[in-house]
Amino acid sequence: MSSAALITRICEINAQLAALLPATQSASAGESTFSVDELRALSGPISEMAPILAAAKLTQDPQVTAQIQTYKAHLRNLQPTLERLRQMLLAQRSQLATNQAQLQAVSDWAAALSSTQQL
């Protein structure tokens, strides 16, 4: 990939991340919700950067280096927010597991009640 193509693609990815940063920060502050679609929108550019970073290592272009530094800054800004979101998701998963266990207990109780009433 040429330096110009690298710069263009990294600029596009940086713009995508910059646009998503406010939503992630708002969600981690509890001001909004962060949907699955937003999470996918965030993971797409990040996943796409792996081969781009590998290609960028082969170039000495200062513009590529500058764009990679911007990308790294976006990642540093995202890291605490994503960690808070991860913790929120883990808490929700724990709550869902608790609710599922309660639902199973009620279901078992209802089945037992039904079987004793049939006797």
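Residues numbered from 1 in each chain as written. Predicted model: local features only at pLDDT ≥ 70, side-chain atom pairs only at ≥ 80, totals over all residues. Heavy atoms only, no water.

J.: How do you make sense of the overall build of the protein when you look at a structure like this?
T.: Assigned secondary structure in the protein consists of three helices and zero strands. Ordering the α and β elements of the protein from the N terminus gives α-α-α. Here the protein has a C-alpha radius of gyration of 23 Å; the compact-globule value for 119 residues is 14 Å, and the former is much larger. Its C-alpha atoms put the protein at 80 × 30 × 15 Å along the principal axes. (Helix = DSSP H or I, 4+ residues; strand = E, 2+ residues; numbered from the N terminus. Rg over C-alpha atoms; globule rule 2.2 N^0.38 Å.)

J.: Can you walk me through the confidence of the model for the protein in this structure?
T.: In regions of low pLDDT, the predicted coordinates are not meant to be interpreted in detail. Per-chain confidence: the protein averages 88 in pLDDT, with 99% of residues scoring 70 or above. Highest mean pLDDT in the protein belongs to helix α3 (residues 62–117) (91); lowest belongs to helix α2 (residues 36–56) (87). (pLDDT = per-residue confidence, 0-100.)

J.: Hey, could you run me through the side chain of asparagine 14 in this one?
T.: Checked against the element boundaries, asparagine 14 lands in helix α1 (residues 3–28). In this structure the side chain of asparagine 14 is engaged in a polar contact, spanning 3.4 Å, whose partner is the backbone nitrogen of tyrosine 71. Those residues within four positions of asparagine 14 in sequence are excluded, and the remaining contacts are Gln67, Thr70, Tyr71 and His74. (Polar contact = N/O pair within 3.5 Å; in protein donor to acceptor, adjacent residues only side chain to side chain. Contact = heavy atoms within 4.5 Å.)

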